[in-house]
Amino acid sequence: MLARGTPIRLGVQFQTAPGWHVYWKNPGDAGFPPRVDLIAPEAWVGGEPEVAIEFPAPRRFSLPGGLFAIGYEGEVVYPLAPRPYAPSADARSVRIEADVDYLTCEVDCVPYRYRLALDVPLGEATTPDPDTAPLFERALASLPRRDDTVRDVAVRAELARSVPPASFGVEIEGVEATADADLFVESQDLFEIGRPVVSRTSGGVRFELPLVPRRTDLPFPERFSLAFTAVGLVHQGAPIAVEARRDLAAASPATATSEAAAPSERGLHPSWVAGLLTLLAAALVAAAMRLWSGGQASLARGLFGFLALGLVVVCLYLLVGRVTPLGLAGIE
């Protein structure tokens with residue numbers, strides 16, 4: 001029973017077959033998370049039909065080809081954000097209807113869409129349902145805690161670009177890592193993010209994840225934000241998942257200026273050196289072809305030409321990391 005004037009708190013329960021799973025907010029390399037659209041009652045107060053879904057702490061599933069998915073297997077309840085409801089004065093119950101669109105996968109995937117309905121009686125006080133209340137309480141308890149709401153837990157994030165690929169490091173103090181410790185980054189358009197390397201520290205746990213830009217024709221973003229969830233942790237003897245968001249900067253302006261100025265102080269910039277070597281190698285190839293075409297072919301002339309051509313290829317390879325694809329095409 002629901003008390004009149006109380007926001008309605010709902011959840012969507014899934015029970016998957018053995019080996020099948022449903023998805024977290026970032027599904028991983030395939031899939032998509034569930035979507036819930038409210039159809040009734042008409043007395044919902046404000047808001048869009050789509051309901052915000054809250055996601056319990058997920059786990060990682062290995063897929064063929066080295067891919068992975070992020071989600072849940074067995075029984076899982078997705079809590080829905082509370083929605084205000086203003087029933088009429090004579091209403092004795094409320095009928096809730098919703099469209100649920102979801103995908104479940106094993107190796108193959110099967111999409112589903114159902115319309116679900118629930119009749120809830122109205123009264124003066126809210127009375128929990130003895131069958132569903134324990135499920136809902138477990139789902140709420142499994143939701144990740146925001147890092148700034150957990151005492152004695154500190155989360156630090158950093159970006160390292162010393163060697164390619166770049167890496168995203170997250171260190172959490174005040175927790176213990178179990179064998180299932182993992183870190184998941186929410187969906188974003190900037191990077192392909194691999195599996196984390198997990199290591200225990202004296203005060204907690206550290207996760208290191210590679211970041212590979214999705215667009216190689218664009219410079220590395222100077223500033224960006226990543227939201228992430230760490231699972232498989234223990235805090236004060238109880239399991240916990242921690243979520244956080246951090247703003248990251250590739251380099252400060254002062255650091256970028258000093259790094260750009262350093263090569264000119266020591267001599268030619270490496271990209272200029274590689275460019276000059278490319279021109280020299282191309283000239284050697286032209287000379288080899290002239291010698292070869294001017295007389296009878298010989299093994300020495302052939303080797304000279306191939307070595308010069310190999311030098312061109314090496315120099316172009318050195319330029320790949322320093323010149324945009326359009327500029328490299330012009331050089332070629």
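Above: the structure in question.
Owing to the predicted nature of the structure, the values given are computational and were not obtained by experimental measurement.

Draft legend 1. How the structure looks around the pairing of strand β9 (residues 109–123). In this sheet, β9 lies alongside strand β1 (residues 2–3) in parallel orientation, the contact comprising two bridges. Bridging across to β9, L2 finds its partner in L122. Turn length for the strand β8 (residues 93–105)-β9 hairpin, with the two strands adjacent in sequence and antiparallel, is three residues.

Draft legend 2. Highlighting the pattern of salt bridges. Tallying each qualifying case throughout the model produces 21 salt bridges. Across the pair R113 and D99 runs a salt bridge whose closest N-O atoms are separated by 3.4 Å. Of the two residues, R113 is situated in strand β9 and D99 in strand β8; the sequence distance between them amounts to 14 residues. The class of R113 is exposed, set by a relative accessible area of 58%. R115 is paired through a salt bridge with D99; the nearest N and O atoms lie 3.7 Å apart.

Draft legend 3. Quick peek at the pairing of strand β5 (residues 59–62). Sheet analysis places β5 next to strand β6 (residues 68–73), joined by four bridges and oriented antiparallel. Bridge assignment links R59 to a residue of β6, and that residue is G71. Linkage of β5 to β6, two consecutive antiparallel strands, is achieved through a turn of five residues, within which G65 is found at a positive phi near 80°.

Draft legend 4. Structural view of the sheet that holds strand β10 (residues 145–146). Spatially, β10-β18-β17-β13 is the arrangement adopted by the four strands of the open sheet, whose pairing is mixed. If you trace the sheet from one side to the other, it starts and ends with β10 and β13 (176–185), each paired once. Of the strand pairs in this sheet, β13 and strand β17 (residues 223–235) are connected by six bridges, and their pairing is antiparallel. Within the sheet, the bridge partner assigned to D182 lies in β17 and is V231.

Draft legend 5. Examining the nonpolar core more closely. Counting 30 residues, the largest nonpolar core has F14, V36 and Y78 as the members making the most contacts within it. Element by element, the count of residues in this core is highest for β8, at five residues. The residues contacting F14, other than those within four sequence positions of it, are V22, P34, G74, E75, V76, Y78, V100 and Y102. Among the nonpolar cores identified, the runner-up in size contains 29 residues, and V150, A166, I172 and L226 belong to it.

Draft legend 6. Representation of the packing of aromatic side chains in the model. According to the stated counting rule, one finds 12 aromatic pairs in the structure shown. Look at F55 and Y78: their rings are 5.7 Å apart centre to centre, the planes differ by 90°, and that puts the pair in the edge-to-face class. With F55 in the loop between β4 (35–40) and β5 and Y78 in strand β7 (residues 75–79), this pair connects stretches of sequence that are 23 residues apart. Classification of F55 by relative accessible area gives buried; the value is 12%. On the accessibility criterion, Y78 (1% relative accessible area) is buried. Ring centres 6.0 Å apart and planes at 15° place the aromatic pair Y112 and Y114 in the stacked group. Using a relative accessible area of 31% as the deciding quantity, one classes Y112 as partly exposed. We classify Y114 as partly exposed; its relative accessible area is 44%. Chaining the aromatic ring pairs together yields one cluster made of F14, F55, Y72, Y78, Y102, Y112 and Y114. Sitting over the ring of F68, R60 keeps its end group 4.4 Å from the ring centre.

What counts as what
- Residues numbered from 1 in each chain as written.
- Predicted model: local features only at pLDDT ≥ 70, side-chain atom pairs only at ≥ 80, totals over all residues.
- Heavy atoms only, no water.
- Pairing = 2+ DSSP bridges.
- Helix = DSSP H or I, 4+ residues; strand = E, 2+ residues; numbered from the N terminus.
- Salt bridge = Lys/Arg side-chain N within 4 Å of Asp/Glu carboxyl O.
- Buried < 20%, exposed > 50% of the residue type's maximum accessible area, 1.4 Å probe, protein only.
- Core = buried A, V, L, I, M, F, W, Y, C linked by side-chain atoms within 4.5 Å.
- Contact = heavy atoms within 4.5 Å.
- Phe/Tyr/Trp six-rings, centres within 6.5 Å; stacked < 30°, edge-to-face > 60°.
- Lys NZ or Arg CZ within 6 Å of the ring centre and 35° of its normal.

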